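One-letter residues, chain by chain:
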Amino acid sequence: MKVLELKNVHKIYNSSDIKVHAVNGITLDFEQGEFAAIVGPSGSGKTTLLNMIGGLDIPTEGEILVDNTDLSKLKSSRLIDFRMNNIGFVFQSYNLIPVLTAKENVEFIMNLQKWPKKKREKRTLELLKAVGLSDRINSRPSKLSGGQQQRVAVARALASKPKFILADEPTANLDSKSTETLIEIMEVLNKEENITFIFSTHDARVVKRAKRVITIEDGKVLTDLRN
Amino acid sequence: MIINTAWKNVWRNRTRSMVVITSMTIGIFAGIFTVGLMNGMMGQRLDAALNKEISHIHLNQKAFNDNFDIQYTLDDIEKINAAILSVEGVEAVANRVVINAMANTATKSMGVQVLGINPDQEMTILDLDQTIIPGTGSFFEKESRSNLAFIGEDLAKELNIIRYKIEQSTIDSMRTREVPDEVLVKLEPYIGKRFSSQKAFQKEMKSLLSPHESHKYARIILEESWSFRSRSKMTLTFIDKNNIQTGGMFRIAGIYDINNSMFEKSQIFVLNSDLQRLTGLNENDYHQTIVRITDIANTELITESIIEKFKNLEIQNWKEIQPELAMMSGMVEKILTAFMVIILAALSFGIVNTMLMVVLERTKELGMLTAIGMNKKKVFAMIMSESVFLSLVGGVVGMIISWIVISLTASKGINFVGAQEGFEAMGISSHIYPSITNSFFIIVTILIVITGILSSIYPARKALKLDPAEALRTE
Ligand SMILES: Nc1ncnc2c1ncn2[C@@H]1O[C@H](COP(=O)(O)OP(=O)(O)OP(=O)(O)O)[C@@H](O)[C@H]1O
Ligand SMILES: [Mg+2]
């Protein structure tokens, strides 16, 4: 089942005098349950591409269909709700609200979605258990390591049961051990719960674990390999 | 959840929030306390005016107030009294003979209005007996063969009935009031000397004492040196019923002090029987009936009913007699609310500034929140709640402090000794009892919340303009 389709997507930044063709005609399909890495040198357009997939940025040309909904056809207020209900995000940093505990951060979206309290709490505990943080539910982000914070972010991204999770360099700020743990948790979630992950990375060890590796350069797909 | 998060966000930068909260606390306290003073002051003024000066409703012949012609007496006073008393809400009536006169002592003369009253009847309307300066006599309590007059402190000073004199006993009592010896030594040469006016005495003291001593002790010296010539007399001259100039000698029965110079200087109370006899009026000839009502909220209603009964007479209530009083009592709340609005407007700049810093600092976080699905309404609500919390916390603390301070000072009052003369010229006692209504606290609370909301609009709009993709890229 297709969860995401990109059809000839372009992004041209026109800010200041120089035109930057950050994404230059990308066409891609993603199936439910993929574990896909987007790799490429710095400035190749990975972040731009993920932002457009996540509805944070609008393509200059082309179509992005999430579960057959064309993102560019949504009004901005509808788009925010669409993101909340369909797409999970894990960023490189600043993922969490510092004044809330791990549990409250995970609950945040479910709260916005008005889940009943019992159901919400049950799921929060399940998710924090899945990322191996059952013992840290009441810790604030400042009391967690970088890797633990990223695991809370994964749990939070999963909370609203999205179609897929986008992660832009989720391990960029982590040491190798934390990187290993995080990628393993993502792998398990992918295998056991069939969660779709699309992530960008520079890290060769992370690339190795991906089931599909899309290499881009100058905004174009260079290779698209499955192993 | 959003409100909860906003509350926690307030305490993220404790120092900065505390600065805003403290300024809010101080501003609100200063504002409410000042309002309490102004409110107390105006309440006291209204109270004094109604209970000691003018009463609630006046009734007289239509042309009487033009030049107080002695001929304009009221016909059948008993019937008038009975008719007024039959109106619901009327508490008491009193009748007065009103004559314009000149008051003379050996040294001075002053134009005054003489009110001939029946003391028992008058006391059902005004609290004149409570205004008497201790030691100066009484409100017509003692029988006397001579005519008696009850006069104001300021008139007594003008007519040199009150004088200033330093004696050994004066020095001794100043010592007990902690006036230091070096000041007392300076005063000793003045023992036995008399000053006929307050001005002359004050002038002398000013040249005698250093500015510092003068500032600290002038008031005590003035109070202690004050002396009243008992058995003082004055003559009153006026026109009698037949337009012939006449008059009489009056002994001072007592001196009253109501903190209103104008009134004290111009209004003299005498017995109606004395005045009727001297002017050739009959026993039942009165010019004016004054009325006390139980609740001043019914002023208009009762005035209407009395007007209904006496179409040919002039009937004025206190609002018409002293329009500035009516205006004051009607506008106090509005003026004081406007005053609070100005204070809050000034304080709001601090909140706006803080909230702008908040939005700037949290660019990435706000970008992340929009990205994961927090919509504009919720972002706005979060920033607005944070701003409201900032203003409300400081505001509530400020309100609590002002409530405590006002409660503590309300019974004993605060004495603005230095400004006494200025206050009395306006008809206000310098001893102010701050007072505030509970409804004012509600108004202020609402204003504080509005301040918080308005202060958040500009910063919140900035937050809403953030593009999540941009915000997340910024370093
Ligand atoms: N807002 C913008 N305005 C103009 N140019 C931009 C903007 N955002 C990105 N770019 C440009 O678009 C190109 C692609 O940037 P992008 O951030 O997508 O690359 P990336 O592959 O994520 O790089 P990195 O590995 O360093 O994160 C770069 O040349 C970048 O300078
Ligand atoms: Mg990037």
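Located above this text is the structure these notes cover.
Please read these numbers as outputs of a predicted model, since none were measured by experiment.

A separate point is the overall build of chain A. When its secondary structure is counted, chain A shows 7 helices and 10 strands. At 17 Å, chain A has a C-alpha radius of gyration in line with the 17 Å of a compact globule built from 227 residues. In terms of principal-axis extent, the alpha carbons of chain A reach across some 50 × 40 × 40 Å. The proportion of buried residues among the 227 residues of chain A is 56%. Contacts in chain A between residues at least 24 apart in sequence constitute 70% of all its contacts with a sequence separation of at least 6. Accessible area of chain A: about 10400 Å², with a carbon and sulfur share of 49%. Distance between charge centroids for chain A: 7 Å, based on 34 positive and 28 negative side chains.

As a further point, take helix H5 (residues 146–159) of chain A. All names here are of chain A. The terminal C-alpha atoms of H5 lie 20 Å apart, and with 14 residues this matches the ideal 20 Å at 1.5 Å per residue to within 8%. The buried fraction of H5 amounts to 12 of the 14 residues, a majority that puts the element mostly inside the structure. Residues of H5 that are buried include every one of Gly147, Gln148, Gln150, Arg151, Val152, Ala153, Val154, Ala155, Arg156, Ala157, Leu158 and Ala159, and no others. Trailing H5 by a residue or two, Lys161 shows a phi angle of about 50°, which is positive.

Now for the site of ligand 1. Of all residues adjacent to ligand 1, which total 16 residues, the nearest are Ser42(A), Lys46(A), Thr47(A), Thr48(A) and Arg473(B). Flanking ligand 1 are residues from chains A and B. Between ligand 1 and Thr47(A) there is a distance of 2.6 Å, counted from an oxygen atom to a side-chain nitrogen or oxygen. Measuring from an oxygen atom of ligand 1, one finds a side-chain N or O atom of Glu169(A) at 3.4 Å. Relative to its unbound accessible surface of 640 Å², ligand 1 loses 72% to contact with the protein. At the level of secondary structure, the elements contributing two or more residues to the shell around ligand 1 comprise strand E2 (20–31) and helix H1 (46–53) of chain A together with helix H20 (468–473) of chain B. For the shell around ligand 1, the element with the most residues is H1(A), which contributes 3 residues. Looking at the shell around ligand 1 residue by residue, the classes come out as 4 nonpolar, 8 polar and 4 charged.

Let's shift gears to the interface of chain B and chain A. Across the boundary between the two partners, chain B contributes 23 residues, which contact 27 residues of chain A. Our count for the contact surface shared by chain B and chain A stands at 1 salt bridge. With its nearest N and O atoms 3.0 Å apart, the salt bridge here joins Lys8(B) to Glu104(A). Across the contact surface, chain B and chain A share 4 residue pairs in polar contact (both at pLDDT 80 or more). The set of elements that each furnish at least two residues to the side of chain B that touches chain A consists of helix H1 (2–10), helix H16 (363–371), helix H17 (376–410) and H20 of chain B. Ranked by residues supplied to the side of chain B that touches chain A, first place goes to H16(B) with 6 residues. The residue makeup of the side of chain B that touches chain A, split by class, is 10 nonpolar, 5 polar and 8 charged.

About the thresholds
- Residues numbered from 1 in each chain as written.
- Chains lettered and ligands numbered in written order.
- Predicted model: local features only at pLDDT ≥ 70, side-chain atom pairs only at ≥ 80, totals over all residues.
- Heavy atoms only, no water.
- Helix = DSSP H or I, 4+ residues; strand = E, 2+ residues; numbered from the N terminus.
- Rg over C-alpha atoms; globule rule 2.2 N^0.38 Å.
- Buried < 20%, exposed > 50% of the residue type's maximum accessible area, 1.4 Å probe, protein only.
- Contact = heavy atoms within 4.5 Å.
- Areas by Shrake-Rupley, 256 points an atom, 1.4 Å probe, with all protein chains shown as cover.
- Lys, Arg positive; Asp, Glu negative; His and termini not counted.
- Charge placed at Lys NZ, Arg CZ, Asp CG, Glu CD.
- Expected span 1.5 Å × (residues − 1).
- Near = heavy atom within 4 Å.
- Polar contact = N/O pair within 3.5 Å; in protein donor to acceptor, adjacent residues only side chain to side chain.
- Nonpolar A, V, L, I, M, F, W, Y, C, P; charged D, E, K, R; others polar.
- Salt bridge = Lys/Arg side-chain N within 4 Å of Asp/Glu carboxyl O.

Fair warning: the whole summary comes from geometry, so function is off the table for now.
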